[in-house]
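Residues per chain are reported as follows:
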Amino acid sequence: MKKKVIVACGGAVATSTIAANKIVELAKNNGIDVDICQVRISEIESNLDGACLIVTTSKVKRDYGVPLITGMPFISGVGVAKTEKAILEVLQG
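Remember, it's a predicted structure, so these values are computed and weren't measured experimentally.

### Concerning the overall build of the protein chain
Helix and strand content of the protein chain: 3 helices and 4 strands. Starting at the N terminus and walking to the C terminus, you meet the elements of the protein chain as β-α-β-β-β-α-α. Over its C-alpha trace the protein chain gives a radius of gyration of 12 Å, about what one expects of a compact globule, namely 12 Å for 93 residues. Counting across all 93 residues of the protein chain, residues that qualify as buried make up 38%. Relative to all contacts within the protein chain whose residues are 6 or more apart in sequence, the contacts with residues 24 or more apart total 56%.

This is the structure we're talking about:
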C-alpha cells in the first residue's frame, strides 16, 4: 500500500523538490512505496487526506494531526541521517 507523504516549502518548487527526491530514494532503498504530494506550506491542509507524514523545508508550528518532520537537513546536509531515521520510523510504523 502506498504511503502518502506531503512535502512542502514556500513555493513548492526548489527545496521541496530536493527533499521529495531524497524521500523517494530513501523509501525505495527500504522497500516502502510512497506517493509524494509536493505543495506550498499554505496548501498542506487541503492535501491532508490520506497523508501519513508531512516533511517541510521551512518552519511550521501548526499541528495538522499528522507527524511533521523538518526536511531542512536534506538542504543543509547537516543531520541527514537523523532525519532519514525519523522518516523511516513514521513510514515503517
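Moving on from the model shown.
### Focus: the pattern of salt bridges
Enumeration according to the criterion identifies 3 salt bridges in this entry. With a shortest N-O distance of 3.0 Å, R62 and E45 are connected by a salt bridge. Of this pair, R62 sits in the loop between strand 3 (51-56) and strand 4 (68-70) while E45 is found in the loop between strand 2 (34-40) and strand 3, placing the two residues 17 residues apart along the sequence. Residue E45 is classed as partly exposed on the basis of its relative accessible area, which comes to 47%. K85 is the partner of E89 in a salt bridge, and the nearest nitrogen-oxygen pair spans 3.1 Å. Of this pair, E89 and K85 both sit in helix 3 (residues 80-92), 4 residues apart, which is roughly one turn of the helix.

### Overview of helix 3
When the terminal C-alpha atoms of helix 3 are compared, their 18 Å separation across 13 residues agrees well with the 18 Å that a helix rising 1.5 Å per residue should span. Here helix 3 has its buried residues at T83, I87, L88 and L91. Angular distribution of buried residues about the axis of helix 3 spans 135°; they occupy a single face of the element. Across helix 3 from its buried face, at more than 90 degrees, point the exposed residues A81, K82, K85 and Q92. If you follow the buried residues of helix 3, they end up packed against strand 1 (3-9), helix 1 (14-29), strand 2, strand 3, strand 4 and helix 2 (72-76).

### Considerations on the nonpolar core
By size, the foremost hydrophobic cluster in this structure holds 16 residues, and its most contacted members are V5, I23, L53, I87 and L91. Looking at this core, the elements with two or more residues in it are strand 1, helix 1, strand 3 and helix 3. A total of 5 residues in this core trace back to one element, the largest contributor, which is helix 1. Setting aside its immediate chain neighbours within four residues, V5 contacts I23, V34, D35, I36, C37, L53, V55 and L91.

Conventions adopted
- Residues numbered from 1 in each chain as written.
- Predicted model: local features only at pLDDT ≥ 70, side-chain atom pairs only at ≥ 80, totals over all residues.
- Heavy atoms only, no water.
- Helix = DSSP H or I, 4+ residues; strand = E, 2+ residues; numbered from the N terminus.
- Rg over C-alpha atoms; globule rule 2.2 N^0.38 Å.
- Buried < 20%, exposed > 50% of the residue type's maximum accessible area, 1.4 Å probe, protein only.
- Contact = heavy atoms within 4.5 Å.
- Salt bridge = Lys/Arg side-chain N within 4 Å of Asp/Glu carboxyl O.
- Expected span 1.5 Å × (residues − 1).
- Arc of directions from axis to C-beta.
- Core = buried A, V, L, I, M, F, W, Y, C linked by side-chain atoms within 4.5 Å.

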